[in-house]
Amino acid sequence: MPNVVALPHRDELASPEPEDHPSLRQWARYAAWLVTTCLGLACAFTLTVLALGLVFEGALLWLAPGAGFIGARPEGVAGIVSFGTLPWTTRMAYAVSFTATQIPVLVVLYHLRALLRDLAAATVFAAGHAFRLRRMALWLLAYAVAPAAGQALVRIVGHGVDLAWFRTSSLQALLLAALLIVFAELIRVGQAIKDDRDGFI
């Protein structure tokens, strides 16, 4: 029949897959390497501070109102106190507060590295990505409330030096958590569209 038109093959209609964009995979590999480095440095920093504060009795750690320092005693800082001179219960309270702030950072970096590795492997709309983004958002919320909860513990124990309960980074974490929730929904919708396209015959 002369009016019959051949439809293009399904593969011709399919949108380009990440394999068609090697630059995306390359940049994802670079970003994953960078996040891995940051994760390693953050782990080393956390363990170093905890070891100095608890194992070495506050050596090289200093607290001042609204600030903390590592190393030699800083000059010209009002109200600075050696961490080792604080009572043991206060040091433990600060250690708990510090750990509660650092753990969400480490978990978020861990999940971000996993996402970037999936991108580097040309996996964009995987089923677990939306769930992983939501989990990162929850940990960012934990990071946002950790300073206030930690300072509440320090005030209960007493002898606190740095009693700042609010940080600008908490507000930034809340905004980033909201963005991740939006991205998670976009990923979920994208996965649904991809599943529908793959299931179309």
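Shown above is the structure to which this text applies.
In this report, we go over the structure that sits alongside the text. (Residues numbered from 1 in each chain as written. Predicted model: local features only at pLDDT ≥ 70, side-chain atom pairs only at ≥ 80, totals over all residues. Heavy atoms only, no water.)

Helix and strand counts for the protein come out as 5 helices and 3 strands. Element order for the protein, N to C, with α for helix and β for strand: α-α-β-β-β-α-α-α. For the protein, with 201 residues in total, the buried portion stands at 33%. Sequence separation of at least 24 residues holds for 67% of the intrachain contacts in the protein that already meet a minimum separation of 6. (Helix = DSSP H or I, 4+ residues; strand = E, 2+ residues; numbered from the N terminus. Buried < 20%, exposed > 50% of the residue type's maximum accessible area, 1.4 Å probe, protein only. Contact = heavy atoms within 4.5 Å.)

The next thing to look at is the sheet that holds strand S3 (residues 81-82). In spatial order, the strands read S2-S1-S3; together these 3 strands make up an open sheet with antiparallel pairing. Looking along the sheet, the strands with just one partner apiece sit at the ends: strand S2 (67-70) and S3. One ladder, built from 4 bridges, connects strand S1 (residues 61-64) with S2; its direction is antiparallel. Following the sheet pairing, Leu61 is matched in S2 by Ile70. (Pairing = 2+ DSSP bridges.)

Over its 33 residues, helix H3 (residues 88-120) extends 47 Å from the first C-alpha to the last, a length consistent with the 48 Å expected when each residue adds 1.5 Å. Positive backbone phi, approximately 65°, marks Ala122, located one or two places after H3. (Expected span 1.5 Å × (residues − 1).)

What follows concerns the packing of aromatic side chains. The description of two aromatic rings rests on the distance between their centres and on the angle between their planes. Scanning the entire structure with this criterion turns up 3 aromatic pairs. Measuring from centroid to centroid gives 5.7 Å for Trp27 and Tyr30, while their planes differ by 85°, and the two rings are edge-to-face. Placement of the pair is Trp27 and Tyr30 together in helix H2 (residues 22-55), with a separation of 3 residues, close to one helical turn. (Phe/Tyr/Trp six-rings, centres within 6.5 Å; stacked < 30°, edge-to-face > 60°.)

The alternating pattern of S1 places Leu61 and Leu63 on one face and Trp62 and Ala64 on the opposite face, and all of these are buried. In textbook terms, the turn of a hairpin is the stretch between consecutive antiparallel strands, and for S1 and S2 this stretch comprises 2 residues, one of which, Gly66, has a positive phi near 80°. Taken together, the 2 bridges between S1 and S3 define a ladder with antiparallel strand orientation. Following the sheet pairing, Leu63 is matched in S3 by Val81.

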